[in-house]
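Understanding the architecture of this molecule
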Amino acid sequence: MKDLHARKPVNKTAAIVTSCGVHYEPNKIVQTNDSDLPIATRPFTKEELKQQSFVDLTGLRVGRLSVIGAARDFKGRWVVRCDCGKYSTRRAKSIKNPENVQDRCEHCRHIALLKRHELWRRTGKHYDIRDF
């Protein structure tokens, strides 16, 4: 009898299951400005720094996002970087929102929702997206 590990997979699905892993690329079309490349930031103007209402959000952490700086090409937006490495922009209101603890890039949100759905399918229990 042949060695089990020397056998070739029966079909494509079996090959994927028995392989070392699969790179998942979602086919979901999202109209956001998430980017693998860094988004350009700008320095603060003297007028902005003189305003009492101005708050520098650089370095703040919200959910899985870290604020990098003010966006150069998008007025009123801040450049943020997700833990996965993708860059995006957010408004100051969403960064300051205390209930926005699960904020992340659209790719990570999609992966978390898939994990949540898979756990629900397997166990029948509902999980919060913050757990992922």
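On a predicted model such as this, the values are computed, not experimentally measured, just so you know.

1. Quick look at the nonpolar core
The biggest cluster of nonpolar side chains holds eleven residues, and these are Leu-57, Val-62, Leu-65, Val-67, Ala-70, Trp-78, Val-80, Cys-82, Ile-95, Cys-105 and Cys-108. Contributing elements (two or more residues each) for this core: strand 3 (65-71) and strand 4 (77-82). Contacts of Ile-95, omitting those with residues within four sequence positions, involve Leu-57, Leu-60, Val-62, Val-67, Trp-78, Val-80 and Arg-90.

2. Here we look at the environment of Asp-103
As for its placement among the helices and strands, Asp-103 is situated in the loop between helix 3 (92-96) and helix 4 (106-123). Sequence-wise, Asp-103 and Gly-63 are 40 residues apart; in three dimensions their C-alpha atoms are separated by 4.8 Å. Engagement of the side chain of Asp-103 in a polar contact is seen with the side chain of Arg-109, the distance being 3.3 Å.

3. A closer look at the side chain of Asn-100
Structurally, Asn-100 can be placed in the loop between helix 3 and helix 4. Given the relative accessible area of 16%, Asn-100 is considered buried. Ignoring any residue separated from it by four or fewer positions in sequence, one finds Asn-100 in contact with Val-62, Gly-63 and Ser-94.

4. Re the packing of aromatic side chains
Inspection of every chain in the model, using the stated rule, returns two aromatic pairs. Each ring, one from Phe-44 and one from Phe-54, has its centre 5.1 Å from the other, and the planes form 70 degrees; the classification is edge-to-face. Placement of the pair is Phe-44 in the loop between strand 1 (41-42) and helix 2 (46-50) and Phe-54 in the loop between helix 2 and strand 2 (61-62), with a sequence separation of ten residues. The class for Phe-54 is partly exposed, based on a relative accessible area of 22%. Seen from their ring centres, Phe-44 and Trp-78 are 5.8 Å apart, and the 50 degrees between their planes marks the pair as tilted. Of the two residues, Phe-44 sits in the loop between strand 1 and helix 2 while Trp-78 sits in strand 4, which places them 34 residues apart along the sequence. Through successive ring pairs, a cluster of aromatic residues spans Phe-44, Phe-54 and Trp-78.

5. A look at helix 4
The first and last C-alpha atoms of helix 4 sit 26 Å apart over 18 residues, in line with the 26 Å expected at 1.5 Å per residue. The inward-facing, buried residues of helix 4 contact strand 4. Once helix 4 ends, the next one or two residues include Gly-124, with phi positive near 85 degrees.

Here is what the cut-offs are and how they apply
Residues numbered from 1 in each chain as written. Predicted model: local features only at pLDDT ≥ 70, side-chain atom pairs only at ≥ 80, totals over all residues. Heavy atoms only, no water. Core = buried A, V, L, I, M, F, W, Y, C linked by side-chain atoms within 4.5 Å. Buried < 20%, exposed > 50% of the residue type's maximum accessible area, 1.4 Å probe, protein only. Helix = DSSP H or I, 4+ residues; strand = E, 2+ residues; numbered from the N terminus. Contact = heavy atoms within 4.5 Å. Polar contact = N/O pair within 3.5 Å; in protein donor to acceptor, adjacent residues only side chain to side chain. Phe/Tyr/Trp six-rings, centres within 6.5 Å; stacked < 30°, edge-to-face > 60°. Expected span 1.5 Å × (residues − 1).

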